[in-house]
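Residue strings, one per chain:
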Amino acid sequence: MQVAAQQIGQTQTGPTTEATSRQIDWVGSIPFILMHIAALCAFFWEFNSQIFWLVFASYYVRMIAVTAGYHRYFSHRTYKTSRVMQFIIAFMAQTSAQKGALWWAANHRHHHKHSDKEEDLHSPEKHGFWWAQVGWIMSPCSVPTQWKWIQDFAKYPELVWLNKYHLVPPTIYAVALWLIFGWAGLFWGFFFSTMLLFHGTFVINSLTHMFGRIRYRSGDGSRNSFLLALITCGEGWHNNHHYYQATANQGWFWWEIDLSYYTLKVASWLGLVWDLRKPPAHIKAKTIAAESKPAAA
Ligand SMILES: [Zn+2]
Ligand SMILES: [Zn+2]
């Protein structure tokens, strides 16, 4: 294992110099820790029904931006949009404070390439739940943008700028909430909601590779979970996604709720996005259950 990790570090075939990075960088993680402390400080302000809906909307609108933007557009190119709209999508996703769209997508492409292998940045199977949930984010391995994985989008200077100044969107969003809703709006609507959004997103790296049902042989530990799909606007259908990544929808059947896809569908009716890719019927049919059925006579 050590040898494999060293090879990655030396050859730069994956995110970083991983050989030395499976440890927490406590100093470098101070902003991440402070975000959690600020989230807990929200309890110093009154919580009422208006604040509840603010937290709810701030979470779900940005979760859709994270999943439909960072994940389904920048990581997997599952639909098309205009150059202006892709900048807006990146900006909205980055209000989540999960760094630049190019950073996020590059790491995610690496995850699919090495899913649940030793090189995987956040495999709970290989490195445990806490590492998959937050450990890798607090380690040096998560710091640089791995440009070799995201060259297709790196040709847009405005995206490279936004990736470099990734704190601009969350700062503007936080200030706007403060101006409109005051201190309670800032602490509940930004810090608390962003902390929920962090962990709502990160359970896709951890829990969806641990709990749920396996429908397809994806060659890794990915699973489908209805509950996690509700929390993550459709990303809980992770076994579907790992089996066939090129689809704008991750819920492939009518009962597989996928709020991000419904949003993309509405955006397509408005002409904001187009060419939403869906799974071919023969892919959907290749379930493990279908494989194990005896062939028809
Ligand atoms: Zn993915
Ligand atoms: Zn995964």
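All chains use their own residue numbering, which begins from 1 and follows the written sequence. Just so you know, chain letters begin at A and ligand numbers begin at 1, following the order they were written in. At least 70 in pLDDT is required for a residue's local features to be given in this predicted model, at least 80 for side-chain atom pairs to be given and counted, and no such filter applies to totals for whole chains, interfaces and linings, which use all residues. The basis for every side-chain value is the complete set of non-hydrogen atoms in the structure, without hydrogens or water.

Enquirer: Looking at this structure, how should I read the overall build of the protein?
Expert: Only DSSP runs of H or I reaching four residues or more are called helices, and only runs of E reaching two or more are called strands; each is numbered from the N terminus. The helix and strand inventory of the protein stands at 14 helices and 2 strands. The reference for a compact globule is 2.2 Å times residues^0.38; the radius of gyration itself is calculated from the C-alpha atoms. Here the C-alpha radius of gyration of the protein, 19 Å, is about what a compact globule of 297 residues would show, namely 19 Å. Counting only contacts in the protein whose residues sit at least 6 apart along the sequence, the fraction spanning at least 24 positions is 72%. Here the open area of atoms and residues is found with the Shrake-Rupley method and a 1.4 Å probe, where only the protein chains shown may cover a residue. When the accessible surface of the protein is summed, it comes to about 14300 Å², and 68% of that surface belongs to carbon and sulfur atoms. Positive: Lys, Arg. Negative: Asp, Glu. His and the chain ends are not part of the count. Here the site of a charge means NZ on Lys, CZ on Arg, CG on Asp, or CD on Glu. When the 24 basic and 16 acidic side-chain charges of the protein are each reduced to a single mean position, those positions are 7 Å apart. Only heavy atoms matter for contacts: two residues are in contact if any of them lie within 4.5 Å across the pair.

Enquirer: Sorry, what's going on with the coordination of the zinc ion (ligand 2) here?
Expert: Around a metal, the perfect tetrahedron of four donors has angles of 109.5 degrees, and the perfect octahedron of six donors has angles of 90 or 180 degrees. Here the zinc ion (ligand 2) is held by the protein donor atoms His 111 (NE2), His 209 (NE2), His 238 (NE2) and His 242 (NE2), which lie 2.1 to 2.2 Å from it. The sequence pattern formed by the donor residues of the zinc ion (ligand 2) is H-x97-H-x28-H-x3-H. On the criterion of sequence distance, the pair formed by His 111 in helix 5 (residues 101-113) and His 238 in helix 11 (residues 238-243) is long-range, its members being 127 residues apart. Overall, His 111 belongs to the buried group, its relative accessible area being 1%. Whether a residue is buried, partly exposed or exposed follows from its accessible area with a 1.4 Å probe, protein chains only, as a fraction of its type maximum: under 20%, in between, or over 50%, in that order. For His 238, a relative accessible area of 0% corresponds to the buried category. Coordinating N, O and S atoms are those within 2.8 Å of the metal (3.2 Å for Na, K and Ca), and as water is not part of the atoms, a site may appear to have fewer donors than expected.

Enquirer: Looking at this structure, how should I read the coordination of the zinc ion (ligand 1)?
Expert: Around the zinc ion (ligand 1), the protein contributes the donor atoms His 71 (NE2), His 76 (NE2), His 108 (NE2), His 112 (NE2) and His 241 (NE2), which lie 2.0 to 2.1 Å from the metal centre. The sequence pattern formed by the donor residues of the zinc ion (ligand 1) is H-x4-H-x31-H-x3-H-x128-H. Remark: His 112 occurs in helix 5 and His 76 occurs in the loop between helix 3 (49-75) and strand 1 (80-81); sequence separation between them is 36 residues. By the burial criterion, His 76 is buried, and His 112 matches it.

Enquirer: Just to check I follow, could you spell out the confidence of the model for the protein for this structure?
Expert: Regions with low pLDDT should not have their predicted coordinates read in detail. Every residue gets a pLDDT, meaning the predictor's confidence in that residue, from 0 to 100. Looking at the protein as a whole, the pLDDT averages 90, with 92% of positions reaching at least 70. Long-range and interchain partners of residues 1-20, a stretch whose pLDDT sits below 50, account for 36 contacts in this model, where long-range means more than four residues apart.

Enquirer: Explanation requested: helix 5 in the structure shown.
Expert: Because an α-helix completes one turn every 3.6 residues, residues spaced three or four positions apart along the sequence face the same direction. In this scheme, a helix's expected span is set at 1.5 Å multiplied by one less than its residue total. Given a rise of 1.5 Å per residue, 13 residues ought to cover 18 Å, and the 18 Å separating the end C-alpha atoms of helix 5 matches this to within 8%. Counting buried positions along helix 5 gives 12 out of 13 residues, so the element sits mostly inside the fold. Three or more residues of helix 5 are buried, namely Ala 101, Leu 102, Trp 103, Trp 104, Ala 105, Ala 106, Asn 107, His 108, Arg 109, His 110, His 111 and His 112. Looking at the buried residues of helix 5, the elements they touch are helix 3, helix 4 (83-94), helix 8 (157-164), helix 9 (168-205) and helix 11.

Enquirer: Sorry, what's going on with the packing of helix 2 (residues 30-40) against helix 9 here?
Expert: In a pair of packed helices, the angle between the axes and the distance between the axes together describe the arrangement. To obtain each axis, a line is fitted to C-alpha atoms, and for helices this fit is confined to the stretch in contact; angles are then taken between N-to-C directions over 0 to 180 degrees. At a minimum axis separation of 8 Å, helix 2 and helix 9 run at an interaxial angle of 125°. Our classification of the angle between helix 2 and helix 9 gives oblique. You can see that helix 2 and helix 9 cross each other, and the crossing is left-handed. Mapping the contact onto sequence places Phe 32, Met 35, His 36, Ala 38 and Ala 39 in helix 2 and Phe 187, Phe 190, Phe 191, Phe 192, Thr 194, Met 195, Phe 198, His 199 and Phe 202 in helix 9. Should an angle lie under 35 degrees it is considered roughly parallel, over 145 roughly antiparallel, and from 65 to 115 roughly perpendicular; all remaining angles are considered oblique. Throughout, a crossing is termed right-handed when the near helix is turned clockwise from the far one, and left-handed when it is turned anticlockwise from it by less than a right angle.

Enquirer: Just to check I follow, could you spell out unusual backbone geometry for this structure?
Expert: Glycine aside, a negative phi is what most residues show, and trans is what most peptide bonds show. Of note in the backbone geometry, Asp 116 takes a positive phi value of approximately 55° without being a glycine. With relative accessibility at 6%, the residue Asp 116 sits in the buried group. Notably, Asp 275 is not glycine yet its phi reads approximately 55°, a positive angle. Locating Asp 275 in the fold gives a position in the loop between strand 2 (273-274) and helix 13 (281-284).

Enquirer: Whenever I open this one, the packing of aromatic side chains confuses me. Can you help?
Expert: Aromatic ring pairs: the centre-centre distance and the angle between the two ring planes describe each pair. Any Phe, Tyr or Trp ring, taking Trp's six-membered ring, that has another such ring centre within 6.5 Å forms a pair; planes under 30 degrees apart are called stacked, those over 60 apart edge-to-face, and the others tilted. The final tally for this structure, using the stated rule, is 32 aromatic pairs. Geometrically, the ring pair formed by Phe 129 and Trp 130 is edge-to-face, given 4.9 Å between the ring centres and 75° between the ring planes. What makes Trp 130 exposed here is its relative accessible area of 61%. Grouping aromatic residues by their ring pairs yields a cluster made of Trp 45, Tyr 173, Trp 178, Trp 183, Phe 187, Phe 190 and Phe 191. The residue whose ring lies beneath Arg 77 is Phe 153, and the NZ or CZ to ring-centre distance is 4.6 Å. Geometrically, a lysine NZ or arginine CZ counts as sitting over a ring once it is within 6 Å of the ring centre and also within 35 degrees of the ring normal. The ring centre of Phe 253 lies 4.9 Å from the NZ or CZ of Lys 284, which sits over that ring.

Enquirer: What am I meant to see in the side chain of Asn 224 here?
Expert: Considering the arrangement of structural elements, one finds Asn 224 in the loop between helix 9 and helix 10 (226-231). In protein, a polar contact requires one atom able to donate a hydrogen and another able to accept it; more generally it is a pair of N or O atoms within 3.5 Å, and residues adjacent in sequence count only if both atoms are side-chain atoms. Separated by 2.9 Å, the side chain of Asn 224 and the backbone nitrogen of Asn 239 make a polar contact. The residues touching Asn 224, leaving out its near neighbours within four places in the chain, are Gly 212, Arg 213, Arg 215, Gly 236, Trp 237, His 238, Asn 239, Asn 240 and Glu 256.

Enquirer: Is there a simple way to think about the environment of Gln 245 in this case?
Expert: Summarising the element assignment, Gln 245 is placed in the loop between helix 11 and helix 12 (259-269). Apart from residues no more than four positions distant in its own chain, Gln 245 is found in contact with His 76, Thr 78 and His 112.

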